[in-house]
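Here is what each chain is made of, one letter per residue.
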Amino acid sequence: MKNVQWKLLMVLVLAVIAGYGIWPPKERIRLGLDLKGGIHLVAEVKIDEALAGYTDRFIEVLRKELQDKQIPFQNILRKTNTSFVVSGIAPDKQENLKKILENHGEWDLTLTGNEGLAALRQAVINAKAEEAVNLAIRIIRERVNRFGVAESVVQRQGLTGGRMIIQLPGVEDTERVKDLIKNTARLELRLVTAGPAPSAEALGPIPEGSEALTHSEVQQDGRSVTNYYAVQKQAIVSGEELQAANRTTDQYGRPAVNFTLTSSAGSKFGDFTEANRGKALAIVLDNKVQSAPTIQDKITTDGIITGQFTIEESNDLAVMLQSGALPAGIRFLEQRVVGPSLGLDSIRKGMLACAIGGGIIVLFMLLYYKFSGVNAVTALILNMLFLMALMSYFEATLTLPGIAGIVLSIGMAVDANVLIFERIKEDLRLGKTARSALQSGFAKAFWPIFDSNLTTIIAAVFLYWFGTGPVKGFAVTLIIGICCSMFTAIFVSRLLFDWLLSRRRKVESISI
């Protein structure tokens, strides 16, 4: 008797804790995209672009290394996304080129005449592609979080490839969020070598190591004007060396973005600006000149990006710079917008389905199993309470398929009770006493219930492993629901029977 009271007290305490854990439900239960409304995107990282960018950066590194070691060559040009050609290299210097590339350990070199074709090794290609996708996912996740979207999902689709799934519950401004996600946001500070000029031809011969970039602005009369600047290809400071970026205003009160460099980058930038006073410095964002102020004095860690931004654009730019530059562009493959009203409608229908299904089950259990049905219904209510509490504790997201998982777990919980009750009835028909029938009924039903639930959990684990979004939500609720039903159907239900029997000295039958 004492043992039963302690177990009963433990269940009551767990029920109180569970009730406290899910109150208030609107704040404790996270709703998924299909219930809350928002945007579902399938995007793909342009891996070819990331590989081409890596090859271009390596070409600049190799060019400088050849010049430093005074190894003459005519030119270095990228041939494909993962290969480049070094031309005009003398036969007696080709061994030097080979050693340089061997030291980097990523390229295979084929020499023909006075040319060398370097190709990125397949293992390195795979590693760089993987790195680009993982980096893009991390940066997009950080941008979305800084944008203020709660309960967002940014994850890879499948085990390989560059596709990712982005779910943003509660977001309505689709185009703004897509711009925030897809913009590369590569910030560079480069020295202007010529310009501005109204056309690229007007710049004249582009100095070696420079390239022509555009700068667009809207005049006071509403006309859009595009000028050209020749700027050095090699950046003095890049976005990777940013420490912070925030929205601010320029000297005219217009929205702008200020940034702070790391101390090492600030020292390097300070030396550069001190040595180049009077020259123009281009602030380049995604290969477009945002502004090209003249260096008046030594600048170290702080700078400002001005332009014709709106407040939202300057805020989004600050978010993008703070999160870092994407390794490559993003293309959107699929877009679905779920309106809030549709989400509310899904909740209403899902809850209605739960209520109708649960009501019919409760009615059936009470009519068919009489007083024992009350036991089953009590276990069922506790099952639901524990399920929602665990979902709140693990911060699981409730989706429409998740509601289906809850309904299914309710059915499995009732099925466990039916198995137990039928075994008890069989033993009562054989003439066993009530206590003996209860004991053997629960013992006989345990392993069939355990096996059934275990196989379902294994299937649900694979659904969670390989599934995405709503499928994962279904798997999570199903796993939690089954675990709760095992506890309530076997432990709590048996405990209630024991408690009732312990209150009577002589028990001849059970209402079942």
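Everything quoted here is computed from the prediction, not taken from an experiment.

1. Thoughts on the nonpolar core
Soluble globular proteins: nonpolar side chains tend toward being buried together.
Phase 1 of the analysis: Counting 50 residues, the largest nonpolar core has F421 and I424 as the members making the most contacts within it.
Phase 2 of the analysis: Here the element with the most residues in this core is helix α10 (residues 340-393); it accounts for 12 residues.
Phase 3 of the analysis: The next biggest cluster of nonpolar side chains, apart from the first, holds 22 residues, and it includes A43, I139, I140 and L168.

2. Concerning helix α11 (residues 400-429)
Phase 1 of the analysis: Given a rise of 1.5 Å per residue, 30 residues ought to cover 44 Å, and the 44 Å separating the end C-alpha atoms of α11 matches this to within 8%.
Phase 2 of the analysis: Looking one or two residues past α11, G431 carries a phi angle of roughly 95°, positive in sign.

3. Here we look at the pattern of salt bridges
Phase 1 of the analysis: Summed over the entire model, instances satisfying the criterion amount to 14 salt bridges.
Phase 2 of the analysis: One salt bridge in this structure joins E65 and K69, with 3.5 Å as the shortest N-O distance.
Phase 3 of the analysis: Take K69: its relative accessible area is 46%, and that puts it in the partly exposed class.
Phase 4 of the analysis: A salt bridge links D498 to R494; the nearest nitrogen and oxygen atoms lie 3.3 Å apart. Taken together, the positions of D498 and R494, both in helix α13 (residues 470-502) and four residues apart, correspond to about one turn of that helix.
Phase 5 of the analysis: The exposure class assigned to D498 is partly exposed, which follows from its relative accessible area of 25%.
Phase 6 of the analysis: Salt bridges sharing partners connect three or more residues here, namely D427, K432 and K444.

4. Some points on the sheet that holds strand β6 (residues 115-120)
Phase 1 of the analysis: Taken together, four strands build an open sheet; the order of strands is β3-β4-β6-β5 and the sheet is antiparallel. If you trace the sheet from one side to the other, it starts and ends with β3 (75-80) and β5 (107-112), each paired once. Direction aside, the axes of adjacent strands within the sheet are offset by 20° on average.
Phase 2 of the analysis: Note: β3 against strand β4 (residues 83-87), five bridges, orientation antiparallel.

5. Regarding helix α5 (residues 94-104)
Think of an α-helix as 3.6 residues a turn; residues three or four steps apart then line up on the same face.
Phase 1 of the analysis: Those residues of α5 that sit buried are Q94, L97, I100 and L101. Mapping the buried residues of α5 onto a view down its axis gives an arc of 120°, with all of them on the same face. For α5, the exposed residues set more than 90 degrees away from the buried face come down to K99 and N103.
Phase 2 of the analysis: Tucked inside the fold, the buried residues of α5 contact α4 (47-68), β4, β5 and β6.
Phase 3 of the analysis: In the stretch just after α5, G105 is the one whose phi turns positive, near 70°.

6. So, the confidence of the model for the protein
Phase 1 of the analysis: Counting all residues, the mean pLDDT for the protein is 82, and 92% of those residues have values of 70 or more.
Phase 2 of the analysis: Confidence, expressed as mean pLDDT per element, reaches its minimum in the protein at helix α9 (residues 311-323) with 71 and its maximum at β4 with 90.

7. Section: the sheet that holds strand β18 (residues 330-338)
Phase 1 of the analysis: Here we have four strands laid out as an open sheet, ordered β7-β8-β2-β18, and antiparallel in their pairing. Unpaired on one side and paired on the other, β7 (153-156) and β18 mark the two borders of the sheet. Ignoring strand direction, the axes of neighbouring strands in this sheet form an average angle of 15°.
Phase 2 of the analysis: One ladder, built from seven bridges, connects strand β2 (residues 38-45) with strand β8 (residues 163-169); its direction is antiparallel. The residue bridging A43 from the neighbouring strand is M164, located in β8.

Procedures and definitions
- What you see as residue numbers is a count from 1 along each chain, following the sequence as written.
- With pLDDT at 70 or above as the cut-off, local features in this predicted model cover only qualifying residues; side-chain atom pairs require 80 or more to be listed or tallied, and sums for whole chains, interfaces and linings still use all residues.
- The basis for every side-chain value is the complete set of non-hydrogen atoms in the structure, without hydrogens or water.
- Residues enter a nonpolar core if they are buried and are Ala, Val, Leu, Ile, Met, Phe, Trp, Tyr or Cys, with the set joined through side-chain atoms within 4.5 Å.
- Accessibility here uses a 1.4 Å probe with only protein chains present; expressed as a share of the type maximum, an area under 20% marks a residue as buried, one over 50% as exposed, and anything in between as partly exposed.
- Counting from the N terminus, the helices are DSSP H or I runs at least four residues long and the strands are E runs at least two residues long.
- A helix is expected to span 1.5 Å multiplied by its residue count minus one.
- A carboxyl oxygen of Asp or Glu within 4 Å of a side-chain nitrogen of Lys or Arg is what we treat as a salt bridge.
- A pair of strands is treated as paired once DSSP finds two or more bridges between them.
- Angles here are taken between N-to-C directions and fall from 0 to 180 degrees, while the axes themselves are lines fitted to C-alpha atoms, restricted in helices to the stretch in contact.
- It is the directions from the helix axis to the C-beta atoms that the arc portrays.
- Any two residues whose heavy atoms approach within 4.5 Å at even a single point are treated as in contact.
- Residue-level confidence of the predictor is summarised by pLDDT, bounded by 0 at the bottom and 100 at the top.

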